[in-house]
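Coordinate analysis (summary)
Listed below, chain by chain, are the residues.
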Amino acid sequence: MAALDDSKLLISPGSLVVVTGVNGFIASHIVNQLLQRGYRVRGTVRSISKYQWVKDYFEKQYGPGQIELVEVPDMTAAGVYDDIVKGASGFVHVAAPLMSSPNPNDVIPVVVDSTLRCLEAAVKEPGMKRVVLTSSSGSCVDATPNKVFTIDSNMWNETAVKAAYGPPLDNIFQQLGNVYAASKTKGEQAAWQWMREHKPPFALNTILPNANLGPPFDIAHQGTRSTLNWFRILLEKGETTTESDLPGFMPQHYVDVRDCAALHVAALIYPDVHGERLFAFAAPFAWNDVVRAMEKAFPGRKFGKEISNPDRDLSKVTNERAEELVKRLTGHGWKSLQDAVGDAAKAMDGQTIA
């Protein structure tokens, strides 16, 4: 971890930062990196009794008094964050509704409204210096294998929005994917529109990750969500695993969740990161890459069979600025796919990750 020069930071260690959805995969890594660097965290969860493990885990790592949990059962309620932001210098909004409904009217308004509640609260706190929003690659474009195109910060995924509000698809996973991408598109657009209209004294930055890979902090509470489920299946099925066994798997870009968290922190504390959309995209990967990485991480074991002439993600992403910020904060560029896959699978296998 690179040393921080407090004199060159917008938000200094010791300051209070609000992070939403701290039980989640990405948010828990953001919390870890903030605490590691000496910040205090006020984290929101839907239920304190259900997610007390977050506080217990981080207090064991960093001692008492550095993290507190606040219960937010409804992220869309008027004024829901007004008291939570009091005394905070930064706000990182990561929380999102569970994507269990294929109906866009059940999901998209929740994402939009919860994002606006964060900004509305932030502007009421005089000491607020920066807001960071976790968006998604899906707010720009859908992954499209075998097609060469460039992804940049001027793109919006209007195709997903149109599809989400169009006739429901028979393929439920595709329908859920369209609704998810549309929700991230509309949520981020609403945030930037709010910033243009209200011109608050703080800046907004958004982080657009593709597939987050890497180790969880708590297998029991995090091991069945997101990409972590892929590694559970790979470990259980071993050599018989096929690409179709992994829900939602497709050729796309990966980012190690630890780098994604570092990018959030950089966007929060560096004064020169101002009004940016930052792409948390490390490199493209596909099924054969995962098979090789798993077999390297577990010598002597087999995990599925490689595919001849597999589909590939051929998109080019303007991720240079994001990598520069990760390198500035951590001292290294993007972590390798081997690190991301190997550490994720080893953690899911019960091994301790340094």
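Preceding block: the structure.
Notes on the structure follow. In this text the structure is predicted, and so the values were computed from the model without any measurement.

**Some remarks on the sheet that holds strand β7 (residues 203-209)**
Pairing is parallel across the open sheet formed by seven strands, whose spatial order is β3-β2-β1-β4-β5-β7-β10. Every interior strand has two partners, whereas the edge strands, β3 (67-71) and β10 (277-280), have only one. Across the sheet, the axes of successive neighbouring strands diverge by a mean angle of 20 degrees, strand direction being ignored. With four bridges connecting them, strand β1 (residues 16-19) and strand β2 (residues 40-45) associate as parallel partners. In the sheet register, Leu-16 faces β2, and the bridge partner there is Arg-40.

**Considerations on unusual backbone geometry**
Phi is positive for Asn-146, close to 65 degrees, though the residue is something other than glycine. Here Asn-146 shows up in the loop between β5 (130-134) and β6 (150-151). With phi around 45 degrees, Lys-199 is a residue other than glycine that occupies positive phi space. Within the secondary structure, Lys-199 sits in the loop between α5 (172-198) and β7. The class of Lys-199 is exposed, set by a relative accessible area of 65%.

**Regarding the pairing of β7**
With respect to burial, β7 is a largely interior element, seven of its seven residues being buried. Neither face of β7 is left uncovered, since the one carrying Ala-203, Asn-205, Ile-207 and Pro-209 and the one carrying Leu-204, Thr-206 and Leu-208 both have all their residues buried. Relative to β7, β5 is paired through five bridges, and the arrangement is parallel. Bridging across to β7, Thr-134 finds its partner in Ile-207. Looking at chain direction, β7 and β10 are connected through four bridges and run parallel.

**Section: helix α1 (residues 25-36)**
Side chains three or four residues apart in an α-helix point the same way, a direct result of the helix having 3.6 residues per turn. Look at α1: 17 Å from first C-alpha to last across 12 residues, which is about the 16 Å you get at 1.5 Å a residue. A positive backbone phi angle near 95 degrees is found at Gly-38, which sits one or two residues after α1.

**Quick look at the pattern of salt bridges**
Under the defined criterion, the tally for this structure stands at 18 salt bridges. Residue Glu-324 is joined to Arg-321 by a salt bridge in which the shortest nitrogen-to-oxygen separation is 2.9 Å. Placement of both Glu-324 and Arg-321 in helix α10 (residues 320-330) is noted, with a separation of three residues, approximately one turn of the helix. Each of Asp-272, Glu-276, Arg-321, Glu-324 and Arg-328 takes part in one network of salt bridges that share partners.

**Here we look at the packing of aromatic side chains**
How two aromatic rings sit relative to each other is given by the distance of their centres and the angle of their planes. Applying the stated criterion to the full structure yields 11 aromatic pairs. Sitting over the ring of Phe-149, Lys-147 keeps its end group 5.8 Å from the ring centre. Sitting above the plane of the Tyr-270 ring, Arg-328 keeps its charged end 4.5 Å from the centroid.

**Looking at the nonpolar core**
One broad trend across soluble globular proteins is that nonpolar side chains are buried collectively. By size, the foremost hydrophobic cluster in this structure holds 72 residues, and its most contacted members are Val-19, Leu-34, Leu-213, Phe-231, Ile-269, Phe-285 and Met-294. Examining the composition of this core, we find that 10 residues originate from one element, helix α8 (residues 257-269), more than from any other. Setting aside residues up to four positions removed in sequence, Met-294 forms contacts with Phe-231, Leu-234, Leu-235, Phe-303, Val-341 and Ala-345. Residues Ala-164, Val-179, Ala-182 and Leu-204 belong to the second largest nonpolar core, which totals 35 residues.

Basis of the calculations
Residues numbered from 1 in each chain as written. Predicted model: local features only at pLDDT ≥ 70, side-chain atom pairs only at ≥ 80, totals over all residues. Heavy atoms only, no water. Pairing = 2+ DSSP bridges. Helix = DSSP H or I, 4+ residues; strand = E, 2+ residues; numbered from the N terminus. Axes fitted to C-alpha atoms, helices over the stretch in contact; angles between N-to-C directions. Buried < 20%, exposed > 50% of the residue type's maximum accessible area, 1.4 Å probe, protein only. Expected span 1.5 Å × (residues − 1). Salt bridge = Lys/Arg side-chain N within 4 Å of Asp/Glu carboxyl O. Phe/Tyr/Trp six-rings, centres within 6.5 Å; stacked < 30°, edge-to-face > 60°. Lys NZ or Arg CZ within 6 Å of the ring centre and 35° of its normal. Core = buried A, V, L, I, M, F, W, Y, C linked by side-chain atoms within 4.5 Å. Contact = heavy atoms within 4.5 Å.

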